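This is what each chain is made of:
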Amino acid sequence: MGLHSSQKKHFPLRGIDGVVQLFDAELRKSEPDLALLSLVLGFVEHFLAVNRVIPINVPGVRFEPLEPDCPTSCFPTVELGMISALYERFTAQIRGAVDLSQFRRTASGSSRELVKKVSDVIWNSLSRSYFKDRAHIQSLFSLITGTKLDSSGVAFAVVAACQVLGLKDVHLALSEDHAWVIFGKNGEETAEVTWHGKGNEDRRGQTVNTGVNEKSWLYLKGSYMKCDRNMEVAFMVCAINPSLDLHTDSSELLQLQQKLLWLLYERGDLDRYPMAMGTLADLEDQDPIPGKENPLKIHLKAVSSAEKHYNNEHIYPYMYLAGFHYRHRNVRDALRGWAEAAQVMQDYNYFREDEEIYKEFFDIANDVIPTLLKETSAAAESPSEGPEGEDGPEKDQPKQQAAAFSALQDPECFAHLLRFYDGICKWEEGSPTPVLHVGWATYLVQSLSRFDAQIRQKVTIITKEPETQDDDDQSSEDLREGRRRVPRRESKLEEQSPPLPAAPNSPTSQNPTDQPKKIGEGGGRRRSSQSLRAGDTEGKAKSPSPDSSPASQQQQQAAASTHCPVVTFQSEKMKGMKELLCAAKVNSSAIKLQLTAQSQVQMKRQKSTPAGDYSMSFMKRQRKAL
């Protein structure tokens with residue numbers, strides 16, 4: 001069974017508008033044809049990014065200029081014959097390999113065995129050996145013509161194949177770095193259908209419950225996206241890769257992606273897809289379309305969507321927002337966005353499969369923030385040059401200099417920096433894999449030093465103590481038991497409770513902390529009250545909570561009366577550095593020792609790795625541009 005006459009009438013597709021019209025027509029249906037749309041996008045991407053050659057040298061493919069007066073900007077004409085042949089080949093392959101009569105189907109939907117069989121068909125059609133993290137292998141065009149797919153491409157191909165078989169209950173599930181499928185009544189069943197990371201090992205057919213229960217970022221603690229068909233179309237649009245090389249993008253593919261995302265956004269199909277809204281806002285920021293919505297407003301809608309639909313447990317909406325402010329050199333709001341991302345991250349446990357988000361935070365902490373503060377410091381110190389009234393870059397220099405000086409003299413900026421590192425430290429607590437090392441500490445000291453002592457001392461720091469246990473004897477017994485069971489190299493609680501021996505230079509001695517709070521206790525605050533969309537100032541004093549100590553309440557009230565920003569530390573490492581952070585002189589040695597020490601928490605006993613799990617070479621996978 002091939003294409004319907006209603007689909008064929010759109011061909012040939014000429015230019016960007018022709019492709020957009022086909023997508024518009026399919027999105028108006030209850031079941032947009034995923035296979036057809038993926039083949040079209042793959043065809044266009046192949047001839048604009050993979051095999052970008054002189055048009056006359058491609059037999060059977062016609063190119064037309066996007067604009068009459070711009071012959072260098074060409075777009076391949078998508079002919080019916082080629083797309084129809086590829087479509088029939090894909091559908092025949094799926095229908096020929098899967099006999100539905102061999103699998104039971106209940107009223108609630110498809111069976112796990114059937115979903116596993118479909119994933120086997122896609123898996124077995126791939127080449128045995130190829131670089132699975134290369135660009136431009138995410139579409140069905142790559143599968144049919146080159147037998148190659150990347151990780152998320154395999155998951156999408158399984159869903160498209162299930163649609164060909166009439167399995168309407170099988171849909172795509174997406175976290176921020178992984179994809180699998182959901183099926184059954186209301187999508188209650190989950191099944192892995194692809195790999196993650198560098199390894200070829202897979203968990204096909206297994207549920208994602210283990211990853212959800214471990215609180216790893218890869219599975220978002222269960223707050224992942226459960227796609228409908230239109231969201232699956234949005235996924236393939238977001239997966240368009242316009243890169244020609246490491247430094248150049250295809251302007252035609254960027255325009256196509258931007259217009260398709262606007263089509264989906266204006267239809268409301270991105271309301272539950274925060275990352276797609278972030279992608280659209282970035283495209284609009286780089287090349288705005290007249291009359292369209294402001295990119296900052298779209299970023300804020302993405303944050304609001306994550307809060308509303310996903311329990312505010314997505315990281316990238318804040319990353320996109322901070323990146324927007326960073327590009328516009330808005331230091332305070334950029335730091336606020338990164339701090340919000342870290343505050344969300346603190347409720348997760350770090351596993352090696354979360355290396356992508358680790359690299360994001362590592363780059364921000366050890367490259368982006370130090371560079372931003374260095375440039376801000378240089379701009380604040382540089383004298384204004386050039387004659388008065390002169391036009392050009394010099395005209396705006398006093399304004400930029402004032403903004404830079406204001407950022408370094410703003411206690412709010414310092415408070416956001418502290419909240420960022422507090423979230424990272426809290427993320428490490430209770431995790432089976434360490435996060436922080438001396439490299440982090442070096443750049444933390446560098447960033448702290450950008451702020452004068454009088455600015456740092458304007459920030460009120462509150463250390464939230466663990467809640468009192470009902471049975472102190474039982475609590476201490478549990479702690480002693482934890483000391484015996486935890487490997488010696490992982491945590492020496494007896495040595496960590498007193499102040500660090502190498503911090504005698506610190507201005508004041510640090511008090512030993514009580515038994516730390518376990519992950520999740522007291523951290524159930526929702527950041528919706530601190531929403532960027534609401535526009536409230538971050539870090540301002542909040543009303544004292546019933547469980548706060550009298551001292552904490554007094555600190556909050558004093559800060560509120562003086563309008564000083566307030567930061568409440570959740571992590572044990574940042575609590576231990578409270579006095580160091582506000583000292584007249586930054587004690588780099590003491591800060592480095594404190595930050596790189598083993599987390600002062602009772603490490604949870606980790607379950608043994610299941611046989612189907614796999615390991616990756618940490619920090620070796622190159623990040624693929626998307």
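Residues numbered from 1 in each chain as written. Predicted model: local features only at pLDDT ≥ 70, side-chain atom pairs only at ≥ 80, totals over all residues. Heavy atoms only, no water.

Trainee: Go over the overall build of the protein chain, please, and point to the residues and values.
Mentor: Scanning the protein chain from terminus to terminus reveals 25 helices and eight strands. The long-range fraction of contacts in the protein chain, counting pairs at least 24 apart against all pairs at least 6 apart in sequence, stands at 72%. Surface exposure of the protein chain reaches about 28,200 Å², of which carbon and sulfur atoms provide 49%. (Helix = DSSP H or I, 4+ residues; strand = E, 2+ residues; numbered from the N terminus. Contact = heavy atoms within 4.5 Å. Areas by Shrake-Rupley, 256 points an atom, 1.4 Å probe, with all protein chains shown as cover.)

Trainee: Got a sec to walk through the nonpolar core? Specific residues and values, please.
Mentor: Judged by nonpolar contacts, the single largest core of 168 residues is most densely connected at F90, Y273, W338, F361 and F420. No other element matches helix α3 (residues 34–50), which puts 12 residues into this core. (Core = buried A, V, L, I, M, F, W, Y, C linked by side-chain atoms within 4.5 Å. Buried < 20%, exposed > 50% of the residue type's maximum accessible area, 1.4 Å probe, protein only.)

Trainee: Could you give me a rundown of the sheet that holds strand β4 (residues 179–183), with the residues and numbers involved?
Mentor: To summarise the sheet geometry, strands pair through backbone hydrogen bonds and adopt either a parallel or an antiparallel arrangement. Pairing is antiparallel in the open sheet, where four strands are placed in the order β5-β4-β3-β6. Taken across any chain shown, the strands that pair with only one partner, and hence form the sheet edges, are β5 (189–191) and β6 (225–226). Relative to β4, strand β3 (residues 171–174) is paired through four bridges, and the arrangement is antiparallel. Counterpart to H171 in the pairing with β4 is I182. Lying on the sheet, helix α5 (residues 112–124) is in contact with β4 and β5; it crosses β5 at an angle near 30°. Its contacts with the sheet put helix α7 (residues 151–164) on β3 and β4, and the angle it makes with β4 is roughly 25°. (Pairing = 2+ DSSP bridges. Axes fitted to C-alpha atoms, helices over the stretch in contact; angles between N-to-C directions.)

Trainee: Kindly report on the packing of α3 against helix α10 (residues 251–267), identifying the contributing residues and their values.
Mentor: Here α3 crosses α10 at 155°, and the two axes come no closer than 10 Å. Looking at the two axes, α3 sits roughly antiparallel to α10. Facing α3, whose interface residues are L41, V44, E45, L48 and A49, α10 presents E252, L253, L256 and L260. Each residue belonging to the contact of α3 with α10 can be placed in one class, and the counts come to seven nonpolar, no polar and two charged. (Parallel < 35°, antiparallel > 145°, perpendicular 65-115°, else oblique. Nonpolar A, V, L, I, M, F, W, Y, C, P; charged D, E, K, R; others polar.)

Trainee: Could you give an account of α5, with specific residues and numbers?
Mentor: Here α5 contains 13 residues, and its C-alpha end-to-end distance of 18 Å stays within 8% of the 18 Å for a straight helix at 1.5 Å per residue. Within the sequence span of α5, burial applies to L114, V115, V118, S119, D120, V121, I122 and W123. Buried residues belonging to α5 abut α4 (80–97), α6 (140–146), α7, β4 and β5. (Expected span 1.5 Å × (residues − 1).)

Trainee: Requested: an account of the side chain of T279, with residues and values cited.
Mentor: Its location among the elements puts T279 in helix α11 (residues 274–286). The exposure class of T279 is buried, given its relative accessible area of 17%. For T279, the contacting residues outside a window of four places in its chain are Q257, L261 and Y320.

Trainee: Quick one: what's the story with unusual backbone geometry, residue by residue and with numbers?
Mentor: Between F11 and P12 the backbone carries a cis peptide bond, its omega angle lying at -5°. The topology assignment puts P12 in the loop between α1 (5–8) and α2 (15–27). With a phi close to 65°, H136 is a non-glycine residue in the positive phi region. Residue position: H136 is located in the loop between α5 and α6. Not every positive phi belongs to a glycine, and K215 is a case in point at roughly 60°. Tracing the backbone through its elements, the reader meets K215 in the loop between α8 (209–213) and β6.

Trainee: Residues and numbers for the environment of K585, please.
Mentor: Looking at the secondary structure, you find K585 in the loop between α24 (578–581) and α25 (588–596). Sequence separation between K585 and D452 is 133 residues, and the spatial gap between their C-alpha atoms is 9.0 Å.

Trainee: I'd love a proper account of the pattern of salt bridges, names of residues and values included.
Mentor: For the structure shown, the criterion picks out 27 salt bridges. E26 is the partner of K29 in a salt bridge, and the nearest nitrogen-oxygen pair spans 3.0 Å. Two residues, D228 and R272, come together in a salt bridge whose shortest N-O distance is 4.0 Å. Here R272 lies in the loop between α10 and α11 and D228 lies in the loop between β6 and α9 (229–238), a separation of 44 residues in the sequence. Under the relative-accessibility criterion, D228 is labelled partly exposed at 34%. (Salt bridge = Lys/Arg side-chain N within 4 Å of Asp/Glu carboxyl O.)

Trainee: I'd like a rundown of the environment of A135, residues and numbers included.
Mentor: Relative to the elements of secondary structure, A135 occurs in the loop between α5 and α6. Expressed as a C-alpha distance, the spacing of A135 and D245, which sit 110 residues apart in the sequence, is 9.8 Å.

Trainee: A description of the packing of α2 against α3 should follow, citing residues and the corresponding values.
Mentor: As a packed pair, α2 and α3 sit with axes 11 Å apart at the nearest point and diverge in direction by 165°. Considering the angle they form, α2 stands roughly antiparallel to α3. The handedness of the crossing between α2 and α3 comes out as left-handed. Between α2 and α3, the contacting residues are V19, L22, F23 and E26 on the first element and L36, L37, V40 and L41 on the second. (Left-handed = near helix turned anticlockwise from the far one by under 90°.)

Trainee: Go over the packing of aromatic side chains, please, and point to the residues and values.
Mentor: Summed over all chains, the structure comprises 20 aromatic pairs. Taking 5.5 Å as the distance between ring centres and 85° as the angle between the ring planes, the aromatic pair formed by W262 and Y265 counts as edge-to-face. On the criterion of helical spacing, the pair formed by W262 and Y265 is a turn pair, its members being three residues apart in helix α10. The burial state of W262 is the same as that of Y265; both residues are buried. Seen in terms of ring centroids, Y358 and W440 are 5.9 Å apart; in terms of plane orientation they differ by 65°. Their pairing is edge-to-face. Taken as a pair, Y358 in helix α15 (residues 355–381) and W440 in helix α18 (residues 438–449) lie far apart in primary sequence, 82 residues in all. Residue class for Y358 comes out buried when judged on its relative accessible area of 4%. W440 sits in the buried class, given a relative accessible area of 0%. Three or more aromatic residues joined by ring pairs make a cluster, and in this case those are Y350, Y358, F361, F362, F420, Y421, W427 and W440. (Phe/Tyr/Trp six-rings, centres within 6.5 Å; stacked < 30°, edge-to-face > 60°.)

Trainee: Tell me what's going on with the confidence of the model for the protein chain, and back it up with residues and numbers.
Mentor: Here the protein chain averages 80 in pLDDT, and 73% of its residues register 70 or above. Here residues 384–393 is a poorly scored stretch, pLDDT under 50, and it has six contacts once near neighbours within four places are set aside; other chains count. (pLDDT = per-residue confidence, 0-100.)

Trainee: Quick rundown of the pairing of β3? Include the residues and the values.
Mentor: On any regular strand, side chains alternate: one points to one face of the sheet, the next to the other face. Connecting β3 to the next strand, β4, in antiparallel fashion are four residues. Pairing analysis gives two bridges linking β3 to β6, with the strands arranged antiparallel. Bridging from a neighbouring strand, L174 pairs with M225 of β6.

Trainee: Quick one: what's the story with α2, residue by residue and with numbers?
Mentor: Over its 13 residues, α2 runs 19 Å from end to end, which matches the ideal 18 Å to within 8%, given 1.5 Å per residue. Those residues of α2 lying buried are G15, I16, G18, V19, V20, L22, F23, E26 and L27.

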